[in-house]
Amino acid sequence: MDANKRKIARNAAKVEFLANAEEILSMLDKGFNKFNVYSALTEKGRLTMAYRSFCWNLQQFKNPEKRQKEKKDTPKSIAAPPLRVPAKKEGFGQLEDVDVSKLV
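In this text the structure is predicted, and so the values were computed from the model without any measurement. Each chain carries its own residue numbering, running from 1 in the direction its sequence is written. Totals for whole chains, interfaces and linings use all residues, but because this is a predicted model, local features are given only for residues with pLDDT of at least 70 and pairs of side-chain atoms are given and counted only at 80 or more. Only hydrogens and water are set aside; all other atoms, that is, all heavy atoms of the structure, feed into the side-chain values.

Caption draft 1: Spatial organisation of the pattern of salt bridges. By definition, a salt bridge exists where a carboxyl oxygen of Asp or Glu is found within 4 Å of a side-chain nitrogen of Lys or Arg. This structure, assessed with the given rule, holds two salt bridges. Put simply, E23 and K44 hold a salt bridge, and the shortest N to O gap is 3.0 Å. Of the two residues, E23 sits in helix α2 (residues 21–29) while K44 sits in helix α3 (residues 34–44), which places them 21 residues apart along the sequence. For R46, the salt bridge identified is with E23, shortest N-O distance 2.4 Å. Here the residue R46 occupies a position in the loop between α3 and α4 (51–62), and E23 occupies one in helix α2, the gap between them amounting to 23 residues. Counted as one network, the salt bridges with shared partners bring together E23, K44 and R46. Helix numbers and strand numbers start at the N terminus; a helix is a DSSP run of H or I with at least 4 residues, a strand a run of E with at least 2.

Shown next as structure tokens:
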């Protein structure tokens, strides 16, 4: 990492993005690509986040309903894994007969 660059606080990238969202969207509407927008705002000192964070925030900003839909469609599993009773073996550590219905 350069001496001038340092890691920013968690969620600070989103705050920076939202503070500059109007300018970012207007530059994109004028025909600039993502990297040119990122470079211009970084040179002005208005963004300190990584390019990867910029792209991720831009995607989330443009398609917020897609992320919410993915969360809703994901089924939550509440079933417990099946109970396994080891086979009875002779010797050290032998298990007695276990009534599985009493365990549940």
